[in-house]
Structure formats: structure tokens, C-alpha cells
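Summary of the model geometry
Chain by chain, the residues run as shown.
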Amino acid sequence: MNTYQADDSLLGLAQSFREALRQSVYVMRRLDSEEQLSSAQLGVLKMALDGGARVGEIARNLGVKVPSATEQIIKLERAGLVKREADPDDSRAVRVVATAAGRAAVENADRRRNEFIAGILATLSQTERDAVEAALPVFGKIANLNSPVQN
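This write-up is about the structure you can find in this document. These figures come from a predicted structure and were not determined experimentally. (Residues numbered from 1 in each chain as written. Predicted model: local features only at pLDDT ≥ 70, side-chain atom pairs only at ≥ 80, totals over all residues. Heavy atoms only, no water.)

1. Section: the overall build of the chain
Within the chain, the regular secondary structure consists of six helices and two strands. The order of helices and strands in the chain, counted from the N terminus, is α-α-α-α-β-β-α-α. If one aligns the C-alpha atoms of the chain with their principal axes, the spans along those axes are about 50 × 40 × 20 Å. Burial status across the chain gives 24% buried among its 151 residues. Put simply, the chain shows about 10,600 Å² of open surface, and 55% of that area lies on carbon and sulfur atoms. (Helix = DSSP H or I, 4+ residues; strand = E, 2+ residues; numbered from the N terminus. Buried < 20%, exposed > 50% of the residue type's maximum accessible area, 1.4 Å probe, protein only. Areas by Shrake-Rupley, 256 points an atom, 1.4 Å probe, with all protein chains shown as cover.)

Here you go:
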């Protein structure tokens with residue numbers, strides 16, 4: 001945990017930043033409510049791409065306990081979107097890996113989300129869109145500080 005003592009201006013910025021992120025999460029959750037896959041299931045699917053992930057890793061990255069992650073994995077398995085395979089690095093462990101149908105589901109969800117967000121961005125002025133674009137590297141840096149998930 002960070003032990004830095006922030007001054008009042010940084011604390012105010014932190015509050016505003018957290019509030020903006022919270023509101024952004026709400027926007028995405030409203031979009032997800034119209035999807036066939038929940039936000040958690042889509043998160044599992046994304047982790048299952050590119051070689052897959054262990055159940056414990058999936059749970060940590062989702063911020064849930066292993067039984068909750070397992071519940072999502074079982075639902076995705078039943079839908080044919082993921083499968084479990086032996087972990088090539090540890091014969092005692094298994095990895096959750098996306099199937100072709102799972103990859104297609106991620107691509108469809110990403111396309112739909114991108115179209116939705118593009119519609120929102122289209123309502124902004126060019127100056128505002130430029131500001132959003134300029135802020136993206138900063139958001140990436142913040143997201144990767146002390147993060148268990150490295151992209």
C-alpha cells in the first residue's frame with residue numbers, strides 16, 4: 001500500500017479521478033446489462049485468450065474468491081466459450097483457455113462496446129477528443145501501477 005502523504009490538492013484530484021472512474025464503470029455496466037455475457041464473464045474470456053489463465057489468477061484479477069470465478073468459468077464452459085487444459089508449466093494445475101467461439105464472443109463484445117463508446121466520443125468537440133486521446137497513456141500508467149494484471 002502506498003504510504004505517501006498527499007496534500008489537499010492531490011487529495012481533491014484523487015477524489016475527482018475516482019468519481020470519474022466510478023461513473024465510467026457505470027456506463028460500461030449499463031452497456032454490459034444488454035449483453036448476453038456479464039462483465040465478469042467477459043473478463044474471464046479476455047484472460048482466457050492468448051494461452052489462458054489459471055483459476056486462481058482469474059479470481060485475483062477479477063477481485064473475487066476462487067469459487068466465484070469457478071462459477072463464471074463453469075457457465076462459460078457450458079456455453080462452449082472456454083475449456084480447461086493441463087497447464088504446460090505445472091502438471092498439477094489447469095488453465096482456462098478460450099475456444100474459437102469464446103474468441104468470437106470477445107470480438108463481438110469489443111466491437112459493440114467500441115461502437116457504443118465511439119458514439120459517445122462523436123458528441124465531443126475535437127478539442128475534447130484530443131484531450132481524451134492525450135490522457136490515455138496516463139490512464140495506462142495508472143492502471144499498471146501496482147496492478148496484478150500486466151498487459
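Picking up where we left off.
2. Observations concerning the packing of helix α3 (residues 55-62) against helix α4 (residues 66-78)
Close contact between α3 and α4 brings their axes to 8 Å; oriented N to C, the two are set at 105 degrees. Our classification of the angle between α3 and α4 gives roughly perpendicular. Side by side, α3 and α4 meet where Val55, Gly56, Ile58 and Ala59 of the first sit next to Val66, Ala69, Thr70 and Ile73 of the second. Here the contact of α3 with α4 is composed, by residue class, of six nonpolar, two polar and no charged. (Axes fitted to C-alpha atoms, helices over the stretch in contact; angles between N-to-C directions. Parallel < 35°, antiparallel > 145°, perpendicular 65-115°, else oblique. Contact = heavy atoms within 4.5 Å. Nonpolar A, V, L, I, M, F, W, Y, C, P; charged D, E, K, R; others polar.)

3. A short note on α3
Taken together, the buried positions of α3 are occupied by Val55, Ile58 and Ala59. Looking straight down α3, one finds that the buried residues subtend no more than 100 degrees of arc, so they occupy a single side. Positive backbone phi, at 75 degrees, marks Gly63, one or two positions downstream of α3. (Arc of directions from axis to C-beta.)

4. Concerning a nonpolar patch on the surface
On the surface, Leu121, Val132 and Leu136 cluster together into a nonpolar patch covering about 230 Å² of accessible area. Owing to a relative accessible area of 31%, Leu121 belongs among the partly exposed residues under this scheme. (Patch = residues over 30% accessible without salt bridge, like charges linked within 9 Å, V, L, I, M, F, W, Y side chains within 5 Å. Salt bridge = Lys/Arg side-chain N within 4 Å of Asp/Glu carboxyl O.)

5. Remarks on the pattern of salt bridges
Under the counting rule described, the total for this entry stands at 10 salt bridges. Two residues, Glu71 and Lys75, come together in a salt bridge whose shortest N-O distance is 3.7 Å. Of this pair, Glu71 and Lys75 both sit in helix α4, four residues apart, which is roughly one turn of the helix. A relative accessible area of 43% means that Glu71 is categorised as partly exposed. With its nearest N and O atoms 3.1 Å apart, the salt bridge here joins Arg92 to Asp90. Note on Asp90: relative accessible area 15%, which makes it buried.

6. Quick notes on the pairing of strand β1 (residues 82-87)
By the bridge criterion, six bridges tie β1 to strand β2 (residues 90-98) in an arrangement that is antiparallel. Bridge pairing links Ala86 to Val94 in β2. (Pairing = 2+ DSSP bridges.)

7. Things to note about unusual backbone geometry
Residues other than glycine predominantly adopt negative phi, and peptide bonds predominantly adopt the trans conformation. Residues other than glycine seldom take positive phi values, yet Asp50 does so here, at roughly 50 degrees. When you line up the elements, Asp50 lands in the loop between α2 (39-48) and α3. A relative accessible area of 72% means that Asp50 is categorised as exposed.

8. Considering the side chain of Asp87
Relative to the elements of secondary structure, Asp87 occurs in strand β1. The contact partners of Asp87, leaving out residues within four places of it in the chain, are Arg54, Ala93, Val94 and Arg95.

9. Considerations on the environment of Ala101
Secondary-structure assignment places Ala101 in helix α5 (residues 100-121). For Ala101, a relative accessible area of 39% translates into the label partly exposed. Ignoring sequence-local partners within four residues, the contact set of Ala101 consists of Gly80 and Leu81.

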